[in-house]
Every structure is written in C-alpha cells, then in structure tokens.
Amino acid sequence: EILMTQSPATLSVSPGESATLSCRASQSVSSNLAWYQQRPGQAPRLLIYNTSTRPTGIPPRFSGSGFGTEFTLAISSLQSEDFAVYYCQQYDDWVFTFGPGTKVDIK
Amino acid sequence: QVQLQESGPGLVKPSQTLSLNCTVSGYSITNDDYFWSWIRQPPGKGLEWIGYIHHSGSAYYSPSLKSRLSMSVDSSRGLFSLRLYSLTAADTAIYYCVRCLSRNWFAPWGQGTLVTVSS
C-alpha cells in the first residue's frame with residue numbers, strides 16, 4: 001500500500017494571498033495523482049486529476065504540479081470559499097490511498 | 001448531470017451488518033468506463049477508500065476490509081450497494097458513494113450518510 005503524506009497539516013493564509021500545499025508518496029505514483037477540496041460540512045469535490053488537469057468548472061487559480069513522489073497544489077489569490085481541507089489521492093496502485101489532508105484556514 | 005444519493009440506517013449495533021444503497025441518477029450505471037465506489041470518513045478524520053464495483057460485477061475491495069465486505073450492483077434500478085459485516089465502533093463514519101473513472105479519480109461524490117455503530 002502506498003502511503004501518502006501532506007504538509008503542512010494546517011496553513012494559515014490571508015484572503016487574496018497564495019498558498020502552496022505539498023503531497024508526498026512513499027513510492028513513485030507517476031502522474032497518477034488527484035486533489036480534492038472539502039469545505040466544512042460538505043462532501044469532497046475533485047479539483048485536479050492526472051497531477052495538473054482541472055475538471056470543467058474548477059477555477060484556474062488552482063494548479064497542480066509534480067511527478068513521481070513529490071506533488072504540489074498551488075492556490076493563487078485565495079477567495080473565502082477556498083478555506084477548506086485539501087486531500088491528495090494516488091491511483092497508481094489498485095489500492096487507492098489518500099493523504100491526511102491540509103487545512104487552509106484564515107489568517 | 002450525474003447525482004449520487006446514499007440511503008441506509010444511521011445507527012447500527014456492534015456485531016451487526018451495515019447495508020447501504022447508492023442511487024445513481026442522470027447517468028447510466030452500465031457505462032463501461034466507470035466504477036462505482038464507496039469511501040468513508042470517520043468524524044473529524046481523513047478519507048478511506050473502501051472498494052468499488054463495475055456494472056459487470058467485478059469488484060475490488062480494500063485489503064483491510066475485504067474479509068467483512070460485499071458489494072453489488074442492480075443495473076435495472078440504477079443503484080449499487082455495500083454490505084459491511086461484524087461492525088465495531090471503528091466503523092463509525094460518514095459513508096460516501098462516488099463515481100470512479102476507469103479506476104482513477106473520484107467524481108462526483110454523494111452527499112454522504114453518517115453511520116454510527118453503537119449499542
């Protein structure tokens with residue numbers, strides 16, 4: 001089973017500023033990585049798949065990068081609705097695993 | 001627009017069996033590209049993949065739950081189901097049903113249903 005870790009656990013950011021979230025895999029997952037956003041009291045929603053592809057409807061201020069074991073989710077100019085928990089997920093191995101999440105809160 | 005909706009009991013006793021259904025609307029459950037998945041989230045904690053099933057009946061389960069888990073699909077009714085046996089308090093969680101593209105990423109998600117295991 002591939003272990004996913006995320007850092008930091010919590011990130012405090014002021015509205016309008018940028019945020020960079022990290023995700024690391026215990027072994028290479030190639031580009032087979034997705035990111036999800038979970039707002040309080042809501043189900044997660046897909047933000048990024050294949051490391052850097054945004055689904056229809058996801059704003060361009062969200063961008064993903066990386067390969068292998070190191071991945072980054074960047075959020076530019078944070079809006080109020082962006083304060084949430086973000087999870088990464090690998091699908092390189094048939095046993096899917098998620099990171100523990102990074103909470104982005106208001107500074 | 002595809003929508004998924006979980007249904008089932010909110011409270012189950014320890015050692016009993018949890019049965020959940022997920023009704024899919026706005027999309028055919030028989031599309032070959034998609035698998036139909038369950039993911040759970042203990043209160044205040046992270047996400048755990050439970051397993052997924054294809055309309056053909058092929059199913060893949062998390063190794064940690066495999067011995068207690070069963071999934072099925074009813075294509076005629078557009079729903080898929082989960083059965084989790086021998087419940088303990090550690091199974092208390094929000095259970096989400098989710099569509100999975102080609103055994104890759106998950107979208108969209110159902111709203112989730114909270115299942116509490118308690119006597």
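The structure under discussion appears in the preceding block.
Residues numbered from 1 in each chain as written. Chains lettered and ligands numbered in written order. Predicted model: local features only at pLDDT ≥ 70, side-chain atom pairs only at ≥ 80, totals over all residues. Heavy atoms only, no water.

(A) Representation of the overall build of chain A in the model. The helix and strand inventory of chain A stands at 0 helices and 10 strands. For chain A, the succession of helices and strands along the chain, N to C, is β-β-β-β-β-β-β-β-β-β. Taking 107 residues into account, the globule formula puts the C-alpha radius of gyration at 13 Å, and chain A, at 13 Å, falls close to it. If you line up chain A on its principal axes, its C-alpha atoms span 35 × 25 × 25 Å. Out of the 107 residues belonging to chain A, those deemed buried represent 47%. (Helix = DSSP H or I, 4+ residues; strand = E, 2+ residues; numbered from the N terminus. Rg over C-alpha atoms; globule rule 2.2 N^0.38 Å. Buried < 20%, exposed > 50% of the residue type's maximum accessible area, 1.4 Å probe, protein only.)

(B) Representation of the pairing of strand E4 (residues 33-38) of chain A within the structure. Residue and element names in this part refer to chain A. Within E4, 6 of the 6 residues are buried, leaving the element largely enclosed by the surrounding structure. The alternating pattern of E4 places Leu33, Trp35 and Gln37 and Ala34, Tyr36 and Gln38 on opposite faces, both of which are buried. Where E4 and strand E5 (residues 45-48) come together, 3 bridges link them in antiparallel fashion. Bridge pairing in E5 links Gln37 to Arg45. Hairpin connection, E4 to E5: the antiparallel pair is bridged by 6 residues, and Gly41 has positive phi, about 75°. (Pairing = 2+ DSSP bridges.)

(C) Highlighting the packing of aromatic side chains. Per the stated rule, a full pass over the model turns up 22 aromatic pairs over all chains. Their ring planes at 45° and their centres at 5.8 Å tell us that Trp36(B) and Phe80(B) sit as a pair that is tilted. Placement of Trp36(B) in strand E4 (residues 34-41) and of Phe80(B) in strand E8 (residues 79-84) is noted, with a sequence separation of 44 residues between them. Given a relative accessible area of 0%, Trp36(B) falls into the buried group. Clustering of aromatic rings is evident, with ring pairs tying together Tyr36(A), Trp94(A), Phe96(A), Phe98(A), Phe35(B), Trp49(B), Tyr52(B), Tyr60(B), Tyr96(B), Phe106(B) and Trp109(B). Positioned above the aromatic ring of Tyr27(B), the side-chain terminus of Arg99(B) is 4.7 Å from the ring centre. Sitting over the ring of Tyr34(B), Arg99(B) keeps its end group 4.1 Å from the ring centre. (Phe/Tyr/Trp six-rings, centres within 6.5 Å; stacked < 30°, edge-to-face > 60°. Lys NZ or Arg CZ within 6 Å of the ring centre and 35° of its normal.)

(D) View of the nonpolar core. In this structure, Leu18(B), Trp38(B), Phe80(B) and Leu82(B) are the most contacted members of the largest nonpolar core, which totals 26 residues. In terms of residues, this core owes the most to one element, strand E3 (residues 18-25) of chain B, which gives 4 residues. Counting residues in hydrophobic clusters, the runner-up holds 24 residues, among them Met4(A), Cys23(A), Val29(A) and Cys88(A). (Core = buried A, V, L, I, M, F, W, Y, C linked by side-chain atoms within 4.5 Å.)

(E) Just the sheet that holds strand E1 (residues 4-7) of chain A, in detail. All names here are of chain A. Spatially, 4 strands are ordered E1-E3-E7-E6 in an open sheet, and the strand pairing comes out antiparallel. Each having just a single partner strand, E1 and strand E6 (62-67) make up the two edges of the open sheet. Across the sheet, the mean angle separating the axes of adjacent strands is 20° when strand polarity is ignored. Pairing analysis gives 6 bridges linking E6 to strand E7 (residues 70-75), with the strands arranged antiparallel. Residue Phe67 lies in a different strand from E7, and its bridge partner there is Glu70. (Axes fitted to C-alpha atoms, helices over the stretch in contact; angles between N-to-C directions.)

(F) Up close: the interface of chain A and chain B. Taken together, the contact between chain A and chain B spans 16 residues of the former and 20 residues of the latter. Summing the contributions of chain A and of chain B, the shared interface buries around 1,500 Å²; its carbon and sulfur component is 72%. By the criterion of area lost to chain B, the three top residues of chain A are Trp94(A), Phe96(A) and Phe98(A), representing 40% of everything that side buries. Inspection of the chain A/chain B interface yields 0 salt bridges. Where chain A packs against chain B, one counts 5 residue pairs in polar contact (both at pLDDT 80 or more). (Contact = heavy atoms within 4.5 Å. Buried area = accessible area lost by both parts, 1.4 Å probe. Salt bridge = Lys/Arg side-chain N within 4 Å of Asp/Glu carboxyl O. Polar contact = N/O pair within 3.5 Å; in protein donor to acceptor, adjacent residues only side chain to side chain.)

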